[in-house]
Amino acid sequence: MSQYKLVRFNLNGKDVEKMVDVRASLTDMLRNDYHMTSVKKGCEVGECGACNVIIDGEAFNSCIYLAVWADGKHIRTLESLMGPELSDIQQAFIEETAVQCGFCTPGFIMTAVEILETNRLYTDDELRKLLSGHLCRCTGYENILRAVKKTMYRRLGLPLPE
């Protein structure tokens, strides 16, 4: 069996292909081969969420997802939100001071993107549970929760409760 395999996938809206080591993680491929530096190497065992990316609409820890599994998938990293303006969730993170050291921020934002794209109204407890796969060393959890909640209410056209 070959140690390398050709993987074809869509990365942030662009079709790409790469010959990858079958043992390589998606984190390593995204960082090393595509320079997606928003994908952070934190724990490398799927516990901290710093490496979160969206694969076919669902957030995954890319450190425990093999690069070869990306074949045929649509993968989005924080770089997919880059444009002339900040996205609404990025702006909310700034407004709510949800960014401290910033290491965990890309993973949190990608999970928030998955949450927000459901177009559902979640309770605070539901949002906490949905965001619970992330560790923030700076203990910015409440500010992060407020940023996600604020963006959810804005997208749904609802007034933010006091």
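The coordinates are above.
Calculation rules
- Residues numbered from 1 in each chain as written.
- Predicted model: local features only at pLDDT ≥ 70, side-chain atom pairs only at ≥ 80, totals over all residues.
- Heavy atoms only, no water.
- Pairing = 2+ DSSP bridges.
- Helix = DSSP H or I, 4+ residues; strand = E, 2+ residues; numbered from the N terminus.
- Salt bridge = Lys/Arg side-chain N within 4 Å of Asp/Glu carboxyl O.
- Axes fitted to C-alpha atoms, helices over the stretch in contact; angles between N-to-C directions.
- Parallel < 35°, antiparallel > 145°, perpendicular 65-115°, else oblique.
- Left-handed = near helix turned anticlockwise from the far one by under 90°.
- Contact = heavy atoms within 4.5 Å.
- Nonpolar A, V, L, I, M, F, W, Y, C, P; charged D, E, K, R; others polar.
- Polar contact = N/O pair within 3.5 Å; in protein donor to acceptor, adjacent residues only side chain to side chain.
- Expected span 1.5 Å × (residues − 1).
- Core = buried A, V, L, I, M, F, W, Y, C linked by side-chain atoms within 4.5 Å.
- Buried < 20%, exposed > 50% of the residue type's maximum accessible area, 1.4 Å probe, protein only.

Caption draft 1: The pairing of strand β2 (residues 14-21), seen in detail. Of the pairings in the sheet, the one linking strand β1 (residues 4-11) to β2 comprises eight bridges and is antiparallel in character. Counted as the bridge partner of V7 is K18 from β2.

Caption draft 2: Representation of the pattern of salt bridges in the model. According to the stated counting rule, one finds 13 salt bridges in the structure shown. A salt bridge links R23 to D21; the shortest N-O distance between them is 2.7 Å. Look at the salt bridges and you will find they share partners, linking E95, E96, R146, K150 and R154 into a network.

Caption draft 3: Structural view of unusual backbone geometry. Residue N12 is not a glycine yet carries a positive backbone phi of 50°. In this fold, N12 is placed in the loop between β1 and β2.

Caption draft 4: Region of the structure containing the pairing of β1. The antiparallel pairing of β1 with β2 creates a hairpin that spans two residues between the two strands, and N12 there sits at a positive phi of about 50°. Relative to strand β5 (residues 74-76), β1 is paired through two bridges, and the arrangement is parallel. Bridging from a neighbouring strand, N10 pairs with H74 of β5.

Caption draft 5: Region of the structure containing the packing of helix α3 (residues 105-116) against helix α5 (residues 141-155). Following both chains from N to C, one finds α3 and α5 inclined at 30°, their axes separated by 11 Å at the closest point. On the basis of the axis angle, α3 is roughly parallel to α5. The handedness of the crossing between α3 and α5 is right-handed. Note on element contacts: α5 touches α3 through Y141, I144, V148, T151, M152 and R155, opposite F108, A112 and L116. Its residues assigned to classes, the contact of α3 with α5 comprises seven nonpolar, one polar and one charged.

Caption draft 6: Summary view of the side chain of K150. Following the sequence through the fold, K150 ends up in helix α5. In this structure the side chain of K150 is engaged in a polar contact, spanning 2.8 Å, whose partner is the side chain of E96. Not counting the four nearest positions on each side in its chain, K150 is found in contact with A92, E95, E96 and L160.

Caption draft 7: Molecular detail of the sheet that holds β2. Strand order in the open sheet formed by five strands is β2-β1-β5-β3-β4, and the pairing between neighbours is mixed. Only two strands of the sheet have a single partner each, and these edge strands are β2 and β4 (58-61). Within this sheet the neighbouring strands show an average axis-to-axis angle of 40°, counted without direction. Seen against the sheet, helix α1 (residues 26-33) touches β1, β2, β3 (52-55) and β5 and runs at an angle of roughly 115° to β2.

Caption draft 8: Representation of α5. With 15 residues, α5 should reach 21 Å at 1.5 Å per residue; the first-to-last C-alpha distance of 21 Å fits that figure. Where the residues of α5 are buried, they touch α2 (88-95), α3 and α4 (124-130).

Caption draft 9: Highlighting the nonpolar core. With 25 residues, the main nonpolar core has I89, F93, F108, I109, L127, L131 and V148 as its most contacted residues. At the level of elements, α2, α3 and α5 are the ones that each hand at least two residues to this core. Top contributing element to this core by residue count: α3, with seven residues.

Caption draft 10: How the structure looks around the environment of L6. Checked against the element boundaries, L6 lands in strand β1. On the basis of relative accessibility, which here comes to 30%, the residue L6 falls in the partly exposed class. The spatial distance from the C-alpha of L6 to the C-alpha of Y122 is 40 Å, given a sequence separation of 116 residues. Excluding anything up to four places from it in sequence, L6 contacts E17, K18, M19 and D71.

That is the geometry; function is a separate question.
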